[in-house]
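Spelled out from the first residue to the last, the chains are:
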Amino acid sequence: MDKVIAKDTTVDKAIRKGLDLLGVDSHEADIVVISEGKKGIFGFGQKEAVVEITLKEIRDFDEASDIQLAEIEETVEDIVEDLEEDYPETAEKILADQPEIDRLISSDEDEEAEEYEDYDEESGRDEAIAAVTEYLTSVAEAYGAPAIVTVEEKNNMLIFQMESEKPGLLIGKYGKIVNALQILAQALVQRYVRRRLSVIVNVGDYRERRAAVLESIADRTAERVIKTKQPVFLEPLPAFERKQIHARLSQNKRIKTHSEGKEPHRYLVVEIAD
């Protein structure tokens, strides 16, 4: 048995029940919250929380960078499907005439090995910057929101800044478009650079404003957990936003955090520290 559907009065209890049935810890499984349940009144209208728990696939990798690349490729597949379902026109423009993105989703291992032999670290970095800059520029143009793309390298991070007169089109509802562009940009960079090199795609001052919102969410969640002594399951967030909340909450020794679920629906759990 590699997958179970577990039900109980709370999400936390349902997760623990499902993990017990599989005989694994939370880090060994992907957890998806199907329903958070409902308490009801005097026992009426109560609904159980429902979670789906799947054993993680064990894969063999030669290097740590291979693990990162595999995770990015899986996320690319998920985000492409998500975009095509929710933003079909945007997805078509983002993916149109982009052989690099097609290659990210389905590639040949021999071709990958040959590509890495062709690039040393410095030239690979330069090629990555050029490829992503061209990609983001073409996407913005195709989407009717022409943008000037600049790049800054800081602490093993490439920050691609997009300035446009129509930033809303590139950001999307809840930041879905800019987040998708960032994931695809990260995947492109990882094709050229073997070492750890994170990517941020920003449109105007969106990332700065979003960071302030995430800090507010983190603070309110900490107060709630400390007051109720009950875990809080946040909405699914991109990995880099989960890290921002985790960093904020790590300053509070009374609580702890961990991530559960599968990208792009992975979420943060905040609970009282043991």
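Further up the page is the structure itself.
Worth saying up front: this structure is predicted, and the values here are computed from it rather than measured.

Novice: Can you lay out the overall build of the protein for me, pointing to particular residues and giving the numbers?
Specialist: Helices and strands together make up the secondary structure of the protein, namely 10 helices and 9 strands. Among the 274 residues that make up the protein, the fraction classed as buried is 42%. With the model as given, the accessible surface of the protein reaches about 15800 Å², and the carbon-plus-sulfur share is 48%.

Novice: How would you sum up the side chain of Asn202? Please name residues and give values.
Specialist: Relative to the assigned elements, Asn202 resides in strand 6 (residues 198-203). Of the polar contacts made by the side chain of Asn202, one reaches the side chain of Gln161; its length is 3.2 Å. If sequence neighbours within four positions are ignored, Asn202 has contacts with Phe160, Gln161, Met162, Arg207 and Glu208.

Novice: Before we move on, could you go through the environment of Gly124 and cite the residues and values that matter?
Specialist: Summarising the element assignment, Gly124 is placed in helix 6 (residues 121-142). Taking the C-alpha atoms as reference points, Gly124 and Gln190, separated by 66 residues in sequence, lie 9.5 Å from one another.

Novice: If you had to explain the pairing of strand 4 (residues 147-153) to someone new, which residues and values would you point to?
Specialist: Relative to strand 5 (residues 157-164), strand 4 runs antiparallel, the two being bridged by 7 bridges. Looking across to strand 5, one finds that Glu152 is bridged to Ile159. Turn length for the strand 4-strand 5 hairpin, with the two strands adjacent in sequence and antiparallel, is 3 residues, and the turn residue Asn155 shows positive phi of about 50°.

Novice: Help me get a handle on the pairing of strand 6, residues and values and all.
Specialist: Each regular strand displays side chains that alternate between the two surfaces of the sheet. Counted residue by residue, strand 6 has 5 buried out of 6 residues, so it is predominantly covered. Summarising the sheet, strand 5 and strand 6 pair through 6 bridges and their orientation is parallel. Of the residues in strand 6, the one forming a bridge with Phe160 is Val201.

Novice: Can you lay out the side chain of Arg266 for me, pointing to particular residues and giving the numbers?
Specialist: One can find Arg266 in the loop between strand 8 (255-260) and strand 9 (267-272). Here the side chain of Arg266 touches Ser259 through a polar contact of 3.2 Å, landing on its backbone oxygen. If near-sequence neighbours (up to four positions away) are discounted, Arg266 is found in contact with Pro236, Leu237, Arg242, Ser259, Glu260 and Gly261.

Novice: Residues and numbers for the nonpolar core, please.
Specialist: Counting residues in each nonpolar core, the largest one holds 30 residues, and the members touching the most others are Leu136, Phe160, Met162, Val189 and Val201. Sorting the residues of this core by element identifies helix 6, strand 4, strand 5, helix 7 (167-171), helix 8 (176-192) and strand 6 as the ones contributing at least two each. Among all residues touching Val201, those that are not within four sequence positions of it are Leu136, Phe160, Met162, Val178, Leu181, Gln182, Ala185 and Arg207. Counting residues in hydrophobic clusters, the runner-up holds 16 residues, among them Val4, Leu22, Ala49 and Tyr267.

Novice: Which residues make up the pattern of salt bridges, and what values do they have?
Specialist: Once the charged atoms of two side chains with opposite charge are near each other, the side chains can pair. For the structure on display, the rule yields 8 salt bridges. Arg125 is the salt-bridge partner of Asp126, the closest N and O atoms lying 2.5 Å from each other. Residue Arg125 is classed as partly exposed on the basis of its relative accessible area, which comes to 24%. For the salt bridge of Arg210 with Glu241, the shortest nitrogen-to-oxygen distance reads 3.0 Å.

About the thresholds
Residues numbered from 1 in each chain as written. Predicted model: local features only at pLDDT ≥ 70, side-chain atom pairs only at ≥ 80, totals over all residues. Heavy atoms only, no water. Helix = DSSP H or I, 4+ residues; strand = E, 2+ residues; numbered from the N terminus. Buried < 20%, exposed > 50% of the residue type's maximum accessible area, 1.4 Å probe, protein only. Areas by Shrake-Rupley, 256 points an atom, 1.4 Å probe, with all protein chains shown as cover. Polar contact = N/O pair within 3.5 Å; in protein donor to acceptor, adjacent residues only side chain to side chain. Contact = heavy atoms within 4.5 Å. Pairing = 2+ DSSP bridges. Core = buried A, V, L, I, M, F, W, Y, C linked by side-chain atoms within 4.5 Å. Salt bridge = Lys/Arg side-chain N within 4 Å of Asp/Glu carboxyl O.

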